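Chain by chain, the residues:
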Amino acid sequence: MSETDEREIKMIVAMVRPDKLGDVKKSLAEVGAPSLTVTNVSGRGSQPAKKGQWRGEEYVVDLHQKVKIECVVADAPVEDVVEAIKEGAHTGEKGDGKVFVLPVEEAHQVRTGESGPDAV
């Protein structure tokens, strides 16, 4: 990244309910951040564990299925991207998810060779 290019690159990472992914994608596209990576994950937070029974044995499910969304931005305002994720993922119930914002030190576009914010 050149010294004259002061655009910061940020990675926004969110864990949300799988059924809210479509709403989050739509919200991100509306704020100009359509590029994302999605991974199916499981985890535990404030959402309560669920108890069940199978073949007479009781079991506890304390890892819940989520999707991890990663979005790297240089041109879209980070606050707008975070708000878009929060709005798209919100149900008002425990387990709606979390959003984290991380600095990105470098970015490189493999195809074009561009680096810095232009690579994003």
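Scoring rules and cut-offs
- Residues numbered from 1 in each chain as written.
- Predicted model: local features only at pLDDT ≥ 70, side-chain atom pairs only at ≥ 80, totals over all residues.
- Heavy atoms only, no water.
- Axes fitted to C-alpha atoms, helices over the stretch in contact; angles between N-to-C directions.
- Helix = DSSP H or I, 4+ residues; strand = E, 2+ residues; numbered from the N terminus.
- Parallel < 35°, antiparallel > 145°, perpendicular 65-115°, else oblique.
- Left-handed = near helix turned anticlockwise from the far one by under 90°.
- Contact = heavy atoms within 4.5 Å.
- Nonpolar A, V, L, I, M, F, W, Y, C, P; charged D, E, K, R; others polar.
- Pairing = 2+ DSSP bridges.

Novice: Can you tell me about the packing of helix 1 (residues 21-30) against helix 2 (residues 78-89), naming the residues and giving the values?
Specialist: Two elements in contact, helix 1 and helix 2, have axes separated by 8 Å at closest approach and are oriented at 150 degrees. With respect to helix 2, the element helix 1 is oriented roughly antiparallel. Helix 2 is crossed by helix 1, and the crossing has right-handed handedness. Counted together, Asp-23, Val-24, Ser-27 and Leu-28 of helix 1 and Val-81, Ala-84, Ile-85, Gly-88 and Ala-89 of helix 2 form the full contact between these two elements. Class assignment for the residues of the contact of helix 1 with helix 2 results in six nonpolar, two polar and one charged.

Novice: Requested: an account of the sheet that holds strand 5 (residues 64-73), with residues and values cited.
Specialist: Strand order across the open sheet formed by four strands is 2-5-1-6, with antiparallel pairing between neighbours. Every interior strand has two partners, whereas the edge strands, strand 2 (37-43) and strand 6 (97-103), have only one. The average angle at which neighbouring strand axes cross in this sheet is 20 degrees, direction not considered. The pairing of strand 1 (residues 10-16) with strand 5 spans seven bridges and is antiparallel. Note that in strand 5 the partner of Lys-10 across the bridge is Val-73.

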